[in-house]
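Understanding the architecture of this molecule
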Amino acid sequence: MMSKRISLITIHVGNNFGSVLQTIASCLMLKKLGCDVTVVDYWPDRVTYRRYWLDALKSPVKLAWRMIYFPMALANKYIYLSYLRKYCKLSKRITPRSDFAVECPRADVYVTGSDQVWNSIHNEGFDGHYYFEGLPADATKMAFCSSIGREDLDEKEKPKVRELLLGYKAISVREDSAANILKKLGIESTQLIDPTFLLDRLQWEPFMSERIVKQPYLLVYTPYNTIDKEMIYRAARLIAAQRGLKVITFSWTMKGESLADKTIKYANPGDFLSLMHYADFVITNSFHGTAFSINLNKQFFVFQPSAFSTRIESILRKTGLTDRMIFSDAAVESSAEIDYVDVNRILDAERTAALCFLDQAIN
């Protein structure tokens, strides 16, 4: 029996550890089912060099800073894409000015993957590419752990979303809020955990770099959407002092973080996995920071981000860890240690459900 060809579209471009690792995990799960997977190398405008320079031209000051930062931007693009290409097959690059229906690699099944593919705020507007808009009506499409990342859709996009998703054979979403949104549109879906959970601690180890920080440490992973950085680091310092830990963070530039003891610069996704794996404690405000903290059985806290918190709240509810979401540094003093026995039992059941969904949807 010939393997099925899969075209997988997801958010894989950008300086984001979670986006790269969820892409790799999705590919691995599809390959596990005997599929030949190609990641659609779609670059929306927001990640292109064209946009980079168009934004730079808005002011002389911005242009100067963009010129200074450009070598670092190039370095980061190379770091993340080269890591992804080690584990995934990518198509020819496609941009919004490409003829998507022609250039999207032909497949037996077209899969919309995880991450915030259906979040029109994150994507700077409705983007039909993430729904395989324009493909023939008889194309077999499915969604695997797709995320909306919001409590609701804009009214004007609801008819379009419904029209496109009615053409899907099967749909799974990442958070319960997304399932509720689709249900109101008359679209049935299955809620599954993020693809990064489908590899357990041992299965992620081959993707990790060697240990980077030798002494015991607390990792602060707050890549964006930070409400109060000083408060986060106050919490980090309190926990670090109690446990005798160094405070470690990372940077996409040559600039270090003055509030941390050490900044890891230009980290690749393998470095991120290593930093998470060996951390004695994690403080984060990101979904994938939360996901890997849970999956790697870390003691952690997650501060509410300034936007798109529904996906974090959803996974905390599913794993019974809602008390790990905190809103002030004072909350860290009265917390108990996490017992992962029940959490791991939940994750094992969710992994089985996700693979079952994939197998039925593909075949």
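See the structure above.
First, a word on scope: everything that follows refers to the structure included in this document. (Residues numbered from 1 in each chain as written. Predicted model: local features only at pLDDT ≥ 70, side-chain atom pairs only at ≥ 80, totals over all residues. Heavy atoms only, no water.)

**Examining the overall build of the protein**
Across its full length, the protein carries 12 helices and 12 strands. For 363 residues, the compact-globule estimate of 2.2 N^0.38 gives 21 Å, and the C-alpha radius of gyration of the protein, at 20 Å, lies within 12% of that figure. The 363 residues of the protein split such that 56% are buried. In the protein, the share of contacts with a sequence separation of at least 24, taken over all contacts with a separation of at least 6, comes to 73%. With the model as given, the accessible surface of the protein reaches about 15500 Å², and the carbon-plus-sulfur share is 53%. Considering the protein, the positive charge centre built from 46 side chains and the negative charge centre built from 41 side chains are found 5 Å apart. (Helix = DSSP H or I, 4+ residues; strand = E, 2+ residues; numbered from the N terminus. Rg over C-alpha atoms; globule rule 2.2 N^0.38 Å. Buried < 20%, exposed > 50% of the residue type's maximum accessible area, 1.4 Å probe, protein only. Contact = heavy atoms within 4.5 Å. Areas by Shrake-Rupley, 256 points an atom, 1.4 Å probe, with all protein chains shown as cover. Lys, Arg positive; Asp, Glu negative; His and termini not counted. Charge placed at Lys NZ, Arg CZ, Asp CG, Glu CD.)

**Looking at a nonpolar patch on the surface**
Residues Val61, Trp65 and Ile68 make up a contiguous nonpolar surface patch of roughly 370 Å² in combined accessible area. Inspection of the secondary structure puts Ile68 in helix H3 (residues 60–87). For Ile68, a relative accessible area of 52% translates into the label exposed. (Patch = residues over 30% accessible without salt bridge, like charges linked within 9 Å, V, L, I, M, F, W, Y side chains within 5 Å. Salt bridge = Lys/Arg side-chain N within 4 Å of Asp/Glu carboxyl O.)

**A word on the sheet that holds strand S3 (residues 109–112)**
One open sheet accounts for six strands, arranged S2-S1-S3-S4-S5-S6; its pairing is parallel. Each edge of the open sheet is held by one strand with a lone partner, namely strand S2 (36–39) and strand S6 (190–191). As paired elements, strand S4 (residues 141–146) and strand S5 (residues 170–173) share three bridges and run parallel to each other. Looking across to S5, one finds that Ser146 is bridged to Val173. (Pairing = 2+ DSSP bridges.)

**Side note on the side chain of Thr112**
Its location among the elements puts Thr112 in strand S3. A polar atom in the side chain of Thr112 sits 2.9 Å from the backbone oxygen of Tyr130. (Polar contact = N/O pair within 3.5 Å; in protein donor to acceptor, adjacent residues only side chain to side chain.)

**Quick look at the packing of helix H9 (residues 269–278) against helix H10 (residues 287–295)**
Two numbers describe how H9 lies on H10: the axes approach to 10 Å, and their chain directions differ by 50 degrees. By the angle between their directions, the pair H9 and H10 is classed as oblique. At the point where H9 passes H10, the crossing takes the right-handed sense. Taking contact as the criterion, the partners of Phe272, Leu273 and Met276 in H9 are, on H10, His288, Gly289, Phe292 and Ser293. (Axes fitted to C-alpha atoms, helices over the stretch in contact; angles between N-to-C directions. Parallel < 35°, antiparallel > 145°, perpendicular 65-115°, else oblique. Left-handed = near helix turned anticlockwise from the far one by under 90°.)

**Some words on H3**
An α-helix turns once per 3.6 residues; consequently, residues spaced three or four apart project the same way. In a regular helix each residue adds 1.5 Å, so 28 residues correspond to 40 Å; H3 covers 40 Å between its end C-alpha atoms and thus fits that length. Along H3, the residues classified as buried are Phe70, Met72, Ala73, Asn76, Lys77, Ile79, Tyr80, Leu81, Tyr83 and Leu84. Considering only its buried residues, H3 is in contact with helix H1 (17–32), helix H2 (49–56) and H9. (Expected span 1.5 Å × (residues − 1).)

**Observations regarding empty space enclosed by the protein**
Counting across every chain of the model gives three cavities of 30 Å³ or more. Size it by volume and the largest cavity reaches roughly 40 Å³. Lining the largest cavity are Val117, Trp118, Asn119, Ser120, Asn123, Gly125, Phe126, Asp127, Tyr130, Tyr131 and Glu157. Along the lines of polarity and charge, the residues of the lining of the largest cavity split into five nonpolar, four polar and two charged. (1 Å grid on protein atoms, 1.4 Å probe; cavity = no way out; pocket = protein on both sides within 12 Å on 5 of 7 lines; lining within 4 Å. Points joined across faces, edges and corners; volume = space filled by probe spheres on them. Nonpolar A, V, L, I, M, F, W, Y, C, P; charged D, E, K, R; others polar.)

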